[in-house]
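This is what each chain is made of:
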Amino acid sequence: MGGKKWYDGFTFGSQRDVYNPWSIINYLKLKEFKPYWANTSSNSLVSKLIQEGTAEIKMNMETLLEQGQIETPIDPG
């Protein structure tokens, strides 16, 4: 399995199915479907949240690390 069923890209406004250029380049180079984008970011935000976050944030992170689930509202800004 791969392609659109496996990873259907991003949505920007009304533009749908925008694919990550890094994933496209690597697929064309290696001819293999893989989550190329998965290791392209750092964990600095998670580290900062654990070090500087509130007790509630730390408890939520612990829940997630234990394979639990959390619910939280999203502020669209």
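Structure: above.
Small disclaimer: the values here were computed from a predicted structure and weren't measured.

Engineer: Can you help me understand the overall build of the protein chain in this one?
Structural biologist: When its secondary structure is counted, the protein chain shows 3 helices and 2 strands. Reading the helices (α) and strands (β) of the protein chain from amino to carboxyl end gives β-β-α-α-α. For the protein chain, with 77 residues in total, the buried portion stands at 10%. Expressed as a percentage of contacts within the protein chain between residues at least 6 apart in sequence, the contacts between residues at least 24 apart total 15%.

Engineer: Looking at this structure, how should I read the packing of helix α2 (residues 44-52) against helix α3 (residues 55-65)?
Structural biologist: Geometrically, a packed helix pair is captured by the angle between its two axes and the distance between the axes. It is at 8 Å that the axes of α2 and α3 come closest, and there the two elements cross at 130°. Taken together, the axes of α2 and α3 are oblique relative to one another. Of the two elements, α2 crosses α3, and the hand of that crossing is left-handed. Here V46, L49, I50 and Q51 of α2 lie close against α3, whose contacting residues are I57, K58 and M61. Among the residues forming the contact of α2 with α3, the class breakdown is 5 nonpolar, 1 polar and 1 charged.

Engineer: Help me understand the pattern of salt bridges, please; the structure alone is not making it clear to me.
Structural biologist: Where charged atoms from two side chains of opposite charge come close, those side chains can pair. Evaluation of the coordinates by the stated rule reveals 1 salt bridge. Between E52 and K48 there is a salt bridge, and its shortest N-O distance comes to 3.5 Å. Of the two residues, E52 and K48 are both situated in helix α2; the distance of 4 residues between them amounts to about one turn of the helix. Judged by relative accessible area, which is 46%, K48 ranks as partly exposed.

Engineer: When you look at the packing of aromatic side chains in this model, what are you seeing that I'm missing?
Structural biologist: By the definition in use, this model includes 1 aromatic pair. With a centroid separation of 4.7 Å and an interplanar angle of 20°, the aromatic rings of Y27 and F33 are classed as stacked.

Engineer: Would you mind showing me how to read the environment of R16 here?
Structural biologist: Tracing the chain through its elements places R16 in strand β2 (residues 15-18). For R16, a relative accessible area of 56% translates into the label exposed. In contact with R16, other than residues within four places in its own chain, are F10 and T11.

What counts, and where the lines are drawn
- Residues numbered from 1 in each chain as written.
- Predicted model: local features only at pLDDT ≥ 70, side-chain atom pairs only at ≥ 80, totals over all residues.
- Heavy atoms only, no water.
- Helix = DSSP H or I, 4+ residues; strand = E, 2+ residues; numbered from the N terminus.
- Buried < 20%, exposed > 50% of the residue type's maximum accessible area, 1.4 Å probe, protein only.
- Contact = heavy atoms within 4.5 Å.
- Axes fitted to C-alpha atoms, helices over the stretch in contact; angles between N-to-C directions.
- Parallel < 35°, antiparallel > 145°, perpendicular 65-115°, else oblique.
- Left-handed = near helix turned anticlockwise from the far one by under 90°.
- Nonpolar A, V, L, I, M, F, W, Y, C, P; charged D, E, K, R; others polar.
- Salt bridge = Lys/Arg side-chain N within 4 Å of Asp/Glu carboxyl O.
- Phe/Tyr/Trp six-rings, centres within 6.5 Å; stacked < 30°, edge-to-face > 60°.

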